[in-house]
Amino acid sequence: MTGSLVDDLRAVVGQQHVLTDADLRATYETDWLRQWHGTTPCVVRPGSAAEVADVLRTCAAAGVAVVPQGGNTGLVGGSVPRAGAVLLSMQRFTSLGEVDPLAMQVTAGAGVTIEALQQHARAAGLDFAVDWGARATATVGGAVNTNAGGSRVVRFGTMRAQVLGLQAVLADGSVITQLDGLPKETAGSHLPSLLVGSEGTLAVVTAARMRLVPWYRETAAAVIACDSLVHAVGLLPMLRQLPSLDAVELLMPHALAVACRHLGVTPPLDPSSAGAFVLVDCAAHSDPSDELAQLLQQERGVIATDARRDLLFHIRDHVTIAIGALGVPLKLDVAVPVQHLDRLVRRTTAALPSGAQLVVFGHLAEGNLHVNVLGAGDAAAEVRDTVLAAAVELGGTVSAEHGIGVAKTDWLQRMKGPAAFGALLAIKRALDPQGLLNPGVLFPVE
Ligand code: MLT
Ligand code: ZN
């Protein structure tokens, strides 16, 4: 990169918002779990959509690629800089609009954290529906771009179901602003929906109009000890009858043990006493613990409210960090129809080299497993391909909520098939003809 591009970018966003110093760049160049590394000649921190547009035009004129980044909590390398690209940090987009209680909506900047959005909604008596462990750091922009899911999808759906509109800057610097939040509109295809899950390859999202949901203050959780994963899956029809059902999470015994050990807490149930644990959360306007207890009277487990309920989710939220403290795992995020979960785990286990540690947890209701393998060594690539192939063969997906990033581009075409993949590629080429928006993500570099 020439010094003149850095100077031009400084002229757009201001001297203090172009970071070239290696120490300042470092946190942007490695993801939070130290899985992905890259280098960037500079980190650019625009403060408005107009500045993003100018940054994109400036970089396009120089033929330099741009990698957008939010909270850097991604798990597939999609927001770590590569091959001399400028890192476009969206951290300054922290504006939060007034909550509209009539429409139950709010507009949030791309750099607003999920936790800040939740707190903002709750201050108005409402809530934001998408939630997961990295809430304090993960941002609205990143969640939109990966179509994030988390623990409450069983009740409210993924990010796609929350996004009513977006503001986004296209590769040519034009700005699309669709933030009216109309709940009904059939005036052509819905561009915001196209951008959800596009991982920064089609546009840079600067703000989102989000659906809000009721804030259910009364909660009760249960951990159920199941004989097997098949038993755990078999609970779903019964659990789905609960009107207050808010989350159905899966912790295989080793995941429960690893998280509790990391936190230094006593497990709610002995991890070795079951083949799988299901963590159920209920939330309502009145205490749901009785209906939960009544439903689960035939099952072995504990019901928890208040601080004990919060501890259960504290444990659940820390599984990823606990695994990360043991090493850098091979990390996969697959989903299959729930009736095939057991087959998927069996095939995964059979593919492991001796000495490898398998830590599996996830979102049971969506058949979404987070497969973590520590110590796979030279067998890592083979294990990865076995698990991804099994997921596809069983009618599932190679990515349920983390995205494709740079980690799984070789699998997108294989999974989608030539027609659907061709359509996605045609959209990419039409919107980003120079291929400068997050190249190497979703699609292999052309
Ligand atoms: C989770 O459910 O905790 C996240 O998706 C993180 C992970 O898979 O490691
Ligand atoms: Zn997850």
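Residues numbered from 1 in each chain as written. Chains lettered and ligands numbered in written order. Predicted model: local features only at pLDDT ≥ 70, side-chain atom pairs only at ≥ 80, totals over all residues. Heavy atoms only, no water.

### As for the coordination of the zinc ion (ligand 2)
The line we're drawing: Metal donors: N, O and S atoms at distances within 2.8 Å, or within 3.2 Å for Na, K and Ca, with water omitted from the atom set so that some sites may seem incomplete. By the criteria applied, helices consist of DSSP H or I runs no shorter than four residues and strands consist of E runs no shorter than two, each listed in order from the N terminus. Exposure categories follow from relative accessible area, calculated using a 1.4 Å probe and restricted to protein chains: below 20% of the type maximum is buried, above 50% is exposed, and the middle band is partly exposed.
The protein atoms donating to the zinc ion (ligand 2) are His363 (NE2), His370 (NE2) and Glu401 (OE), with metal-donor distances spanning 1.8 to 2.1 Å. Between consecutive donors of the zinc ion (ligand 2), the numbers of intervening residues give the motif H-x6-H-x30-E. Of this pair, His363 sits in strand E16 (residues 357-363) while Glu401 is found in the loop between helix H16 (380-393) and helix H17 (409-416), placing the two residues 38 residues apart along the sequence. The exposure class of His363 is buried, given its relative accessible area of 3%. Relative accessible area serves as the criterion here: at 11%, Glu401 is assigned to the buried category.

### A few points about the pairing of strand E7 (residues 163-170)
Operational definition: If DSSP finds at least two bridges between two strands, the strands pair.
Counting buried positions over the 8 residues of E7 gives 8, a clear majority of the element. As defined by bridge partners, E7 adjoins strand E9 (residues 203-211) across 7 bridges and the pair is classed as antiparallel. Each residue of the ladder has a partner; that of Val163, found in E9, is Met210. Looking at chain direction, E7 and strand E8 (residues 175-178) are connected through 4 bridges and run antiparallel. The residue of E8 that forms the bridge with Ala168 is Ile176. The turn joining E7 and E8, which pair antiparallel and follow one another in sequence, is formed by 4 residues; a positive phi near 90 degrees is taken by Gly173.

### Here's the deal with the domain arrangement of the protein
What counts, and what does not: Domain start and stop points were drawn from an automatic or database domain assignment. The criterion used for residue contact is that any of the two residues' heavy atoms lie within 4.5 Å. What counts as buried area is the accessible surface, traced by a 1.4 Å probe, that two parts surrender upon association, with contributions from both included. Salt bridges, as used here, are contacts in which a Lys or Arg side-chain nitrogen is within 4 Å of a carboxyl oxygen on Asp or Glu. Polar contact criterion, stated in full: a pair of N or O atoms within 3.5 Å, where within protein one must be able to donate a hydrogen and the other to accept it, and residues adjacent in sequence count only if both atoms are side-chain atoms.
Each assigned domain of the protein is listed with its residue range as follows: domain 1 (3-89), domain 2 (105-214), domain 3 (218-320) and domain 4 (328-360 + 370-430). Between the C-alpha centres of domain 2 and domain 4 the distance comes to 26 Å. Taken together, the contacts link 9 residues of domain 2 with 7 residues of domain 4. Carbon and sulfur atoms make up 49% of the area that domain 2 and domain 4 hide from each other, which totals about 550 Å². Counting every contact that joins domain 2 to domain 4 gives 0 salt bridges. For the pair domain 2 and domain 4, the interface holds 4 residue pairs in polar contact (both at pLDDT 80 or more).

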